[in-house]
Amino acid sequence: MCSYLQIYADIKLKDHIVDSLLERRLNDFYYTHCDKYAARNLLISSREQVSGRKQYGRFEIFIDYDRAVEIVEYFYGQYGRDNVSCFMIQSVEDFGKN
């Protein structure tokens, strides 16, 4: 059994997060570009305010629970909860393993 961890982060943090994951020997994860929709007053640039969205990225990792908690605590400590959001589903079964 493992946990499914999703990390949503401001696009400007993408390279830092990738480096942090690789430094922790996590080299099997996925990244997808996405947008965060928010009230215009929460968006910084004029481009964001016109479109109503902010560029974000989503990282998806299948990992054991203890390592997931460690990573979440690290990212919240480094970047704060305004730039990073983490969600986890526990007890995911890997059907690829016998």
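Along each chain, residue indices are assigned from 1 in the same order as the chain's sequence is written. Totals for whole chains, interfaces and linings use every residue, but because this is a predicted model, local features are given only for residues with pLDDT of at least 70 and side-chain atom pairs only at 80 or more, for both listing and counting. The basis for the side-chain values is all heavy atoms of the structure; hydrogens and waters are excluded.

We now examine the overall build of the protein chain. Helix numbers and strand numbers start at the N terminus; a helix is a DSSP run of H or I with at least 4 residues, a strand a run of E with at least 2. Scanning the protein chain from N- to C-terminus turns up three helices and four strands. Mapped from its N terminus to its C terminus, the protein chain presents α and β elements in the order β-α-β-α-β-α-β. Classification of residues uses two cut-offs on accessible area relative to the type maximum, computed with a 1.4 Å probe and protein chains only: under 20% is buried, over 50% is exposed, and between them is partly exposed. Per-residue burial over the protein chain gives 34% buried out of 98 residues. Counting only contacts in the protein chain whose residues sit at least 6 apart along the sequence, the fraction spanning at least 24 positions is 72%. When the accessible area of the protein chain is evaluated, it comes to approximately 6,700 Å², of which 47% is carbon and sulfur surface. Residue contacts follow a heavy-atom distance rule, with two residues in contact if any of their heavy atoms lie within 4.5 Å. Per-residue accessibility takes into account occlusion by the displayed protein chains alone, with areas from the Shrake-Rupley method and a 1.4 Å probe.

The next thing to look at is the side chain of Ser20. Within the fold, Ser20 resides in helix α1 (residues 14-23). The residues contacting Ser20, other than those within four sequence positions of it, are Tyr74, Phe75 and Tyr79.

As a further point, take the packing of aromatic side chains. For this analysis, a ring pair means two rings from Phe, Tyr or Trp (six-membered ring only for Trp) whose centres lie within 6.5 Å, classed as stacked if their planes differ by under 30 degrees, edge-to-face if by over 60, and tilted for the remaining angles. Under the criterion given, the structure shown has six aromatic pairs. Summarising the aromatic geometry, the rings of Phe29 and Phe59 are spaced 6.2 Å apart at their centres and angled 55° between planes, so their arrangement reads as tilted. Placement of Phe29 in strand β2 (residues 29-37) and of Phe59 in strand β3 (residues 53-63) is noted, with a sequence separation of 30 residues between them. Owing to a relative accessible area of 1%, Phe59 belongs among the buried residues under this scheme. Taken together, the ring pairs in this structure connect Phe29, Tyr31 and Phe59 into an aromatic cluster. A ring is scored as having a charge over it whenever the NZ atom of a lysine or the CZ atom of an arginine sits within 6 Å of its centre and within 35 degrees of its normal. The ring of Tyr74 carries Arg24 above its face, with NZ or CZ at 3.9 Å from the centroid. Across from the ring centre of Tyr76, 4.0 Å away, lies the NZ or CZ of Arg81, which sits over that ring.

Formed by 18 residues in total, the largest nonpolar core has its most connected members in Leu5, Ile7, Ile17, Leu21, Ile71, Phe75 and Val84. Counting residues per element, this core draws most heavily on helix α3 (residues 65-79), which supplies six residues. When near neighbours in sequence (up to four residues on either side) are disregarded, Leu5 contacts Phe59, Glu60, Ile61, Ile63, Ala68, Ile71, Val72, Cys86, Phe87 and Met88. What we call a nonpolar core is a set of buried Ala, Val, Leu, Ile, Met, Phe, Trp, Tyr and Cys residues that are connected through their side-chain atoms within 4.5 Å.

Read these as layout, nothing more, since geometry by itself doesn't imply function.
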